[in-house]
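Fold and contact review
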Amino acid sequence: MASSTIADQIAFWQSGESRDTSGAASSSQGPNSFIAYAPVERNIRAKGPIKINGPATSFSEIPQPRLFRAWSSFFGGGANFLADGGRGTPAANAGYYGGLLGVDYQIAPGVLIGAALGGSTASFSVGQFSTSGKMTGFHAGLYGSYAKGASYVALSETFSAYSNQTNRRAGGYGFLAYEQLDASFGSTEFRTRVEGGHSLSFAGVTATPFIAGEAAAYQSSAFSERSSLLYFSSLALKNNGQSILSLPAFVGLRVSNGYTLANGWRIVPTGSVAYVHEFFPQRQFTNALISLPGQDFTVAGPRATYNLVQTKVGIEINLTNQLALVSNFQGEFSSVSQSYGGKAGVRYYW
């Protein structure tokens, strides 16, 4: 969600709906923006008594305002994973909430750079295995975009650090007593997203086909479970720490349209749909029982999927030339998992 939130900020800037305090828009927003300058034709011979001495300068050659934008976005949602009997993976569900604060700067027409910081809290539950847990995350991101005409390319890098706690109930069969096992450990994630697209306008609607790739590397530190038993535990696990890779590719279409109300507010509904293919859906960790060192075994995580559909529907309300409110809904759907999330935020320009 942190990476998705940053991607949405870039998409908004690229859409051409940005405003600045003077009511002017740079040429990067394109001629179809409702606040863009009218196109200027060059090398047109003047007709009439007015003559210009010296080099002619068109209005489009005057440096455009350099725009600052501060934004905040708060998100929340959940996910459900179906069981996979073949791999012994049970059903699981998760919920999360968090937010990001960011600022970006249009350093030149068609060039945007920005940074963001934020945090999140998540929890999960696996009822069949009497297992639950929670994680608290810190997120930091850098991003940028370059536009040339109606085409663009965007790049973002997100770093996340997590504090994880797990708890499970084990035993209660044979001569094994029930025990509660818990663990605490840290983990980190680096996520890089590259996106490119080209905007097309017709009948007042802007349609942007795009492709993207998002590489993520997750690293978990080593940990050992602690038992509630005062004596030796036969079921506590030890993990030496591992890395997991993820590489989803996106092919999608983003659509937006804007309406100006009588009171001056600008309403911009948006929507997108993307086909997502995950090249590395495996989520597996190698563990060992503390009581049986050297007897490692593999545990499969929540069932991932190779293919899914991602959808986003949102709306933006520009209250003034400087203040805008935004919200959207995001869903990801496959045959083995469903996730739902929502965002609400504020943008301010100066």
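Residues numbered from 1 in each chain as written. Predicted model: local features only at pLDDT ≥ 70, side-chain atom pairs only at ≥ 80, totals over all residues. Heavy atoms only, no water.

**As for the pairing of strand E1 (residues 68–81)**
Taken residue by residue, a regular strand's side chains alternate between the two faces of the sheet. Selection criterion: Criterion used throughout: strands pair if DSSP finds at least two bridges between them. Working definition: helices are DSSP H or I runs of at least four residues, strands are E runs of at least two. Numbering for both runs from the N terminus.
As defined by bridge partners, E1 adjoins strand E2 (residues 92–108) across 14 bridges and the pair is classed as antiparallel. Paired with Ser 73 across the bridge in E2 is Leu 100.

**Points about the pattern of salt bridges**
Heads up, the condition is: Whenever Lys or Arg places a side-chain nitrogen within 4 Å of a carboxyl oxygen from Asp or Glu, that contact is recorded as a salt bridge. To sort residues, take the accessible area from a 1.4 Å probe on protein chains only and compare it with the maximum for the residue type: under 20% means buried, over 50% means exposed, and anything in between is partly exposed.
The tally for this structure, following the rule as stated, stands at 12 salt bridges. In this structure, the salt-bridge partner of Asp 8 is Lys 343, at a minimum N-O distance of 2.8 Å. With Asp 8 in helix H1 (residues 2–15) and Lys 343 in strand E20 (residues 337–349), the pair connects residues that are 335 residues apart, well separated along the chain. A relative accessible area of 16% places Asp 8 in the buried class. Among the ionic pairs, Glu 316 bridges to Arg 347, the shortest N-O distance being 3.1 Å. With a gap of 31 residues between them, Glu 316 in strand E18 (residues 307–318) and Arg 347 in strand E20 connect regions that are remote in the sequence. Arg 347 carries the same exposure label as Glu 316, and that label is buried. Via salt bridges that share partners, Glu 189, Arg 191, Arg 193, Glu 195, Glu 214 and Arg 254 belong to a single interconnected network.

**A closer look at the packing of aromatic side chains**
This is how it is decided: Whether two aromatic rings pair depends on their centres lying within 6.5 Å, for rings of Phe, Tyr and Trp, where Trp uses its six-membered ring; planes under 30 degrees apart make the pair stacked, over 60 edge-to-face, and the rest tilted. Geometrically, a lysine NZ or arginine CZ counts as sitting over a ring once it is within 6 Å of the ring centre and also within 35 degrees of the ring normal.
One pass over the full model with this rule turns up 8 aromatic pairs. When the ring of Phe 68 is compared with that of Trp 350, the centres are 5.4 Å apart and the planes differ by 5 degrees; the resulting orientation is stacked. On the criterion of sequence distance, the pair formed by Phe 68 in strand E1 and Trp 350 in the segment after E20 is long-range, its members being 282 residues apart. Using a relative accessible area of 41% as the deciding quantity, one classes Trp 350 as partly exposed. One aromatic cluster is present, built from ring pairs that chain together Phe 68, Tyr 105, Tyr 348 and Trp 350. Geometry around Phe 210 places Arg 254 over its ring, the cationic atom sitting 4.5 Å from the centre.

**Let's talk about empty space enclosed by the protein**
Heads up, the condition is: Both cavities and pockets are sets of points on a 1 Å grid over the protein atoms alone; in a cavity a 1.4 Å probe fits but cannot get out, in a pocket the set is open with protein on both sides within 12 Å along at least five of seven lines, and lining residues sit with an atom within 4 Å of a point. Grid points are joined across faces, edges and corners, and a volume is the space filled by probe spheres set on the points. Lys, Arg, Asp and Glu make up the charged group, whereas Ala, Val, Leu, Ile, Met, Phe, Trp, Tyr, Cys and Pro make up the nonpolar group; the residues left over, Gly among them, are polar.
Under the criterion given, the structure shown has 2 cavities of 30 Å³ or more. Put simply, the largest cavity is a space of about 80 Å³. What lines the largest cavity is simply Ala 7, Ile 10, Ala 11, Gln 14, Tyr 152, Ala 154, Leu 155, Ser 156, Arg 193, Glu 195 and Arg 254. Residues of the lining of the largest cavity, tallied by class, amount to 6 nonpolar, 2 polar and 3 charged.

**What to know about the confidence of the model for the protein chain**
Which entries qualify depends on this criterion: Here pLDDT means the predictor's own confidence in every residue, given as a number from 0 to 100. Throughout, a contact is declared for two residues whenever any of their heavy atoms are within 4.5 Å.
Of all residues in the protein chain, 85% attain a pLDDT of 70 or more, and the chain-wide mean is 85. Long-range and interchain partners of residues 57–64, a stretch whose pLDDT sits below 50, account for 14 contacts in this model, where long-range means more than four residues apart.

**Focus on the sheet that holds strand E16 (residues 284–289)**
In space, the 4 strands of this open sheet follow the order E9-E11-E16-E17, with antiparallel pairing throughout. Here the strands that pair on one side only, and so sit at the sheet edges, are strand E9 (223–224) and strand E17 (297–300). Here strand E11 (residues 237–239) pairs with E16 via 2 bridges, running antiparallel. Each residue of the ladder has a partner; that of Leu 237, found in E16, is Leu 289.

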